[in-house]
Amino acid sequence: MSGFEQDYIKEAFDTNWIAPIGKNIDYFEQEISQFVGTRGAVALSSGTAAIHLALKLLNVGRGDLVFCSSLTFVASANPILYQGAEPVFIDSEPITWNLSPQALEQAFHYFEKEGKLPKAVIVVNLYGQSADMSKILDICNHYNVPVIEDAAESLGATYKGKASGTLGKYGIYSFNGNKIITTSGGGMLVSEDIEALERVRYWATQARDPARYYQHSRIGFNYRLSNVLAGIGRGQLRVINERVNARRNVFDIYNNELSSLDGIEFMSEAAFGRSSRWLTALTINPKKTSVKAEQVLDALESENIEGRPVWKPLHLQPLFKKNLYFPHSPEGSVSDQLFQSGICLPSGSNLTVEEISRVVDCIKEVFHEC
Ligand SMILES: Cc1ncc(COP(=O)(O)O)c(C=O)c1O
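Owing to the predicted nature of the structure, the values given are computational and were not obtained by experimental measurement. (Residues numbered from 1 in each chain as written. Predicted model: local features only at pLDDT ≥ 70, side-chain atom pairs only at ≥ 80, totals over all residues. Heavy atoms only, no water.)

Peer 1: Got a minute to help me understand a negative patch on the surface in this structure?
Peer 2: Taken together, the side chains of E303, D361, E365 and E369 present a region of like negative charge at the surface. Along the chain, the position of E365 falls in helix α12 (residues 353-369). (Patch = residues over 30% accessible without salt bridge, like charges linked within 9 Å, V, L, I, M, F, W, Y side chains within 5 Å. Areas by Shrake-Rupley, 256 points an atom, 1.4 Å probe, with all protein chains shown as cover. Salt bridge = Lys/Arg side-chain N within 4 Å of Asp/Glu carboxyl O. Lys, Arg positive; Asp, Glu negative; His and termini not counted. Charge placed at Lys NZ, Arg CZ, Asp CG, Glu CD. Helix = DSSP H or I, 4+ residues; strand = E, 2+ residues; numbered from the N terminus.)

Now the structure itself:
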């Protein structure tokens, strides 16, 4: 917490707006849309809810196809299933670890021949770094298929000078407890389309018709963020730039200390943007060292340090075993390799230099022992 949150929370308590409406929500929406540069924003109970309603805006329904990055958290794709649609997973490219334009093209060619194009493409900006949106948008525009940008992990990052999450038709952010700024739980949907955002507000409040009594003509959801949590978000947003700088600094220290070890390769930062470095991620190249990612994770765990493998790709999840997958190239799947060799290190913006040194020393020891 930044310390500013208490003021906004106090205001909600003082005015007795402990509800999913109130000034904090209105201001939080305005402040986020100003920060990222969109015409509007709607505060929701989670990033998952935001993806769900973005799919609904695009009329994704039963039997429709939705292309989605494979290397991501399951929340990127679960809402496709909520809508009764079918996810098709797309591999990563090796530079940004994000959606491979090459694989995306393959998927479009395949389904064009089948005579069935997807209703939407969900592009994930992984670990704080934007995907190569120009290339992806060129392909999607060619087929006239809209893009939802899952920027849950990349608030504060940029792509060619624009805020990550604002390049697609709809963008979503998450304020889950582990994100760069948090409301403990929460999300936001951003867009240029004010009318669409109004529909999202309506769906997110149980689709209540404008009548004195409670009348409902359509299915709705209880997806609004509370006014208290929006107050936390406002306090957090005031320090977003500091948080990004802190995360980038954590990355720089790990990079300086560890990149000389044979086989350690940090997730690179593409020239087209600035990553928030939400998580510091690296791979261990099996051609250069006998150290395995598992060994490093075991060593960290024995020191009570929380490391994690890179996301298990969705095409490898039992939940999606029947869904199609398009790899980056015939030589193999990039996301499978990243999963096998990748590690996310502790990356919190409040990590001290001493804490980072503990992680560094532990990893160095594993490498020196082998
Ligand atoms: C890539 C990605 N998409 C979606 C989500 C879902 O956000 P939330 O937890 O706010 O529902 C998360 C994180 O939780 C995420 O990392």
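Peer 1: Where do I start with the site of the ligand in this structure?
Peer 2: The local shell around the ligand holds 15 residues, among which T48, D150, E153, S174 and K179 are the closest. One nitrogen or oxygen atom from the side chain of D150 is found 2.8 Å from a nitrogen atom belonging to the ligand. At a separation of 3.2 Å, an oxygen atom of the ligand approaches a polar side-chain atom of N176. Isolated, the ligand exposes 380 Å² of accessible area, and the fraction of that covered by the protein chains is 94%. Split by residue class, the shell around the ligand holds four nonpolar, eight polar and three charged. (Near = heavy atom within 4 Å. Polar contact = N/O pair within 3.5 Å; in protein donor to acceptor, adjacent residues only side chain to side chain. Nonpolar A, V, L, I, M, F, W, Y, C, P; charged D, E, K, R; others polar.)

Peer 1: I tried to follow helix α8 (residues 227-237) on my own but got confused; where do I start?
Peer 2: Counting buried residues along α8, ten of its eleven residues qualify, which places the element largely inside the surrounding structure. Turning to α8, its buried residues are N227, V228, A230, G231, I232, G233, R234, G235, Q236 and L237. The elements touched by buried residues of α8 are α1 (5-14), α2 (23-36) and α9 (240-258). N-cap assignment for α8: the residue whose side-chain oxygen lies 3.3 Å from the backbone N of V228 is S226. (Buried < 20%, exposed > 50% of the residue type's maximum accessible area, 1.4 Å probe, protein only. Contact = heavy atoms within 4.5 Å.)

Peer 1: How do you make sense of the sheet that holds strand β10 (residues 264-266) when you look at a structure like this?
Peer 2: Two pairing modes exist for strands in a sheet, parallel and antiparallel, and in both the strands are linked by backbone hydrogen bonds. One open sheet accounts for four strands, arranged β10-β12-β15-β13; its pairing is antiparallel. Both outer strands of the open sheet, β10 and β13 (308-309), are each paired with one neighbouring strand and no more. Here strand β12 (residues 280-284) pairs with strand β15 (residues 342-345) via four bridges, running antiparallel. Of the residues in β15, the one forming a bridge with T280 is L345. Contacts between α9 and the sheet are confined to β10, β12 and β15, with β10 contributing the most and set at about 155° to the helix. Of the strands in this sheet, β12, β13 and β15 are in contact with helix α10 (residues 293-302), which crosses β15 at around 25°. (Pairing = 2+ DSSP bridges. Axes fitted to C-alpha atoms, helices over the stretch in contact; angles between N-to-C directions.)

Peer 1: Would you explain α1 in this entry?
Peer 2: Every α-helix carries 3.6 residues per turn, so stepping three or four residues along brings you back to the same face. Looking only at α1, the buried set comprises E5, Y8, I9 and A12. In an axial view of α1, the angular spread of the buried residues amounts to 100°, which keeps them on one side of the axis. Opposite the buried face of α1, at more than 90 degrees from it, the exposed residues are Q6, K10 and D14. Where α1 is buried, its residues contact α2 and α8. (Arc of directions from axis to C-beta.)

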